[in-house]
Amino acid sequence: MRKRLPKIPPLGIRMQLTCWYTLVSAVLLLLIGIVFYTTFQQSLAASFDMALQQRAQQVAEGITNHEGKLIVDDIVDELPELDATSAIIDSASNDGRHTTPEHSDTPSHFPHDRESVFVRVLDINGHVVYNTPNFTNLSVPADSVTLPLQYHPWHGTVSMSGGDELVRLYSTMLIEKGTLMGVVQIGQSLERLHASLEHIMFALFLLIPFILTISAFVSYWLAGRAFVPIHYLARTAREIGAKDLHQRVVVPPANDEVRDLSLIFNEMIGRLERAFSQQRRFVADASHELRTPVAVIRSMTEVALSQPSNTEGYETVLREVNSEAERLGQLINDLLALARVDEGQAQLDSEPVRFDLLAIDVVESLEPLAQERQIELKTQTLQPATIIGDAARLIQVIMSLVDNALIYTNAGGSVTVSVETCASHVHLSVKDTGIGIAQKDSEHIFERFYRADPARSKASGGSGLGLAIVDWVVRAHRGIVSVESQPGQGSTFMVTLPRSLP
């Protein structure tokens with residue numbers, strides 16, 4: 001069985017940044033090296049051609065026309081260095097050797113003290129008047145002679161016969177007093193030029209890896225410096241536990257990504273702190289609410305068992321136990337519903353629902369309760385309204401709001417239910433003339449187990465979960481629930497839901 005190779009662990013962010021910085025630096029250095037080498041090569045080649053042209057001019061100045069014959073006079077023992085480029089590419093060896101021009105009656109002493117310099121002079125008929133001995137080793141094209149005789153200078157690169165050495169050759173017209181007398185050709189070996197370029201290439205090959213190595217170390221160090229705030233943020237996050245959520249990380253003054261991360265982290269810690277606080281309060285309230293009916297049931301049964309009574313007395317105790325059991329069951333159902341909401345497991349039906357008809361049904365079902373409490377329950381405006389949603393949950397919303405209004409409205413008051421529509425939404429309003437809600441309570445009225453008047457709600461059998469469930473159902477239907485109230489002037493609960501257009 002073939003063994004699997006161990007997987008290479010992924011690189012950390014710091015090492016990834018170092019690799020990317022080094023890669024980018026390598027590409028940039030390579031491009032810069034190519035541009036530098038190409039530019040330098042072209043500059044040397046241009047300077048090389050310019051030097052050949054100037055040397056050709058020097059040679060032409062030493063040539064005279066005597067009775068139709070070209071005579072090459074003595075010139076300086078050495079062709080002078082014309083510029084810095086010439087100093088680089090020349091290979092001077094001043095040995096004082098001279099040649100005698102061909103096809104001339106007058107001996108001439110023309111210097112060829114530079115073995116890498118090639119000179120040839122031809123007359124108007126293309127006959128060689130003078131040449132250095134090494135010129136015979138060049139493979140010279142015919143265009144180098146014919147074009148200058150047509151007043152077109154020629155320059156190119158030729159090779160030496162039997163060798164790999166290349167020579168740059170320049171041919172130009174020999175003109176005296178406006179008359180074409182012949183052709184001057186001068187060349188020079190490219191060996192030194194190529195050697196200079198090879199030295200530059202070698203230097204680049206040594207320099208670029210050295211720079212990349214330094215760049216890698218510097219990039220790694222800079223990446224470490226850049227991650228110092230991140231390390232501090234991580235250390236602070238590890239120190240913050242579930243019991244110490246009041247701590248916050250220090251926000252750096254620089255307006256950068258670390259600052260944004262710190263702000264987001266502090267916001268997340270704030271949300272967790274509120275969530276833990278709500279959870280602890282929820283557990284405490286739920287325990288208290290569950291303990292109350294259990295304690296009541298246990299107390300009543302213990303009293304009934306300790307004091308033997310008649311059948312009527314037992315029936316009274318059983319009715320009270322049944323009532324507390326119903327309250328306990330409703331509380332458990334509400335807690336289960338909210339638990340499913342928190343876990344994202346609550347599911348709603350999605351079907352067309354006549355919201356105005358649901359409001360009528362709820363008002364009719366609670367009418368006996370309102371009469372028992374001597375409260376007028378009525379409808380004011382009920383416009384036909386269709387929405388997409390869960391009918392059972394929407395009935396729960398309307399019933400919870402109306403029942404809440406009946407609880408906090410004194411005898412002789414009224415509760416008014418209305419349904420209105422607009423272009424895209426349906427508006428439910430439940431208005432009462434009850435005791436109202438203080439401003440400080442309005443901000444928390446839809447929180448779980450929150451009671452604006454705990455004494456009254458407990459006496460009425462409330463658990464503080466009804467409005468929390470209302471808020472969840474409305475938001476699940478992409479709606480909004482709100483309240484407007486003043487103490488002693490009643491309250492108005494408003495629900496806005498998206499309308500289903502035909």
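Here's what I pulled together on the structure shown here.

Each value, and the rule that gives it
Residues numbered from 1 in each chain as written. Predicted model: local features only at pLDDT ≥ 70, side-chain atom pairs only at ≥ 80, totals over all residues. Heavy atoms only, no water. Phe/Tyr/Trp six-rings, centres within 6.5 Å; stacked < 30°, edge-to-face > 60°. Helix = DSSP H or I, 4+ residues; strand = E, 2+ residues; numbered from the N terminus. Buried < 20%, exposed > 50% of the residue type's maximum accessible area, 1.4 Å probe, protein only. Polar contact = N/O pair within 3.5 Å; in protein donor to acceptor, adjacent residues only side chain to side chain. Salt bridge = Lys/Arg side-chain N within 4 Å of Asp/Glu carboxyl O. Pairing = 2+ DSSP bridges. Axes fitted to C-alpha atoms, helices over the stretch in contact; angles between N-to-C directions. Contact = heavy atoms within 4.5 Å.

**A look at the packing of aromatic side chains**
Part 1 of the reasoning: This structure, assessed with the given rule, holds two aromatic pairs.
Part 2 of the reasoning: Ring geometry for Phe 36 and Phe 40: centres 6.0 Å apart, planes at 15°, overall stacked. Taken as a pair, Phe 36 and Phe 40 lie in helix α1 (residues 13–61) at a separation of four residues, close to a single helical turn.
Part 3 of the reasoning: Taking relative accessible area as the criterion, Phe 36 reaches 42% and is therefore assigned partly exposed.
Part 4 of the reasoning: Ring centres of Phe 446 and Phe 493 lie 6.2 Å apart, and the angle between their planes is 90°; this geometry places the pair in the edge-to-face category. Taken together, the residues Phe 446 in the loop between α10 (439–442) and α11 (454–459) and Phe 493 in strand β16 (residues 491–498) connect sequence positions 47 residues apart.

**Here's the deal with the side chain of Ser 485**
Part 1 of the reasoning: Position of Ser 485 relative to the elements: it lies in strand β15 (residues 480–485).
Part 2 of the reasoning: From its side chain, Ser 485 meets the backbone nitrogen of Ile 437 in a polar contact 2.6 Å long.
Part 3 of the reasoning: Polar contacts involving the side chain of Ser 485 include one to the main-chain carbonyl oxygen of Gly 490, which spans 3.1 Å.

**Some thoughts on the pattern of salt bridges**
Part 1 of the reasoning: All chains considered together, the criterion is met by three salt bridges.
Part 2 of the reasoning: Note that Arg 354 is salt-bridged to Asp 356, the shortest N-O span being 2.8 Å.
Part 3 of the reasoning: Its salt-bridge partner being Arg 475, residue Asp 471 comes within 3.0 Å of it at the nearest N-O pair. Pair noted here: Asp 471 and Arg 475 are both in helix α12 (residues 466–476), with a separation of four residues, about one helical turn.

**What about the sheet that holds strand β13 (residues 414–421)?**
Part 1 of the reasoning: Strand order in the open sheet formed by five strands is β11-β13-β14-β16-β15, and the pairing between neighbours is mixed. Since the sheet does not close on itself, it has two edges, and those belong to β11 (376–382) and β15, each with one partner. Averaged over all adjacent pairs, the angle separating strand axes in this sheet is 15°, with direction ignored.
Part 2 of the reasoning: Relative to β16, β15 is paired through six bridges, and the arrangement is antiparallel. If you follow Val 483 over to β16, its bridge partner there is Phe 493.
Part 3 of the reasoning: Its contacts with the sheet put helix α9 (residues 391–407) on β11, β13, β14 (425–432) and β16, and the angle it makes with β14 is roughly 25°.
Part 4 of the reasoning: Taken strand by strand, α12 contacts β15 and β16, and its axis lies near 135° from that of β15.

**Regarding unusual backbone geometry**
Part 1 of the reasoning: Positive phi is not limited to glycine here, since Gln 374 has a value of about 60°.
Part 2 of the reasoning: Tracing the backbone through its elements, the reader meets Gln 374 in the loop between α8 (355–372) and β11.

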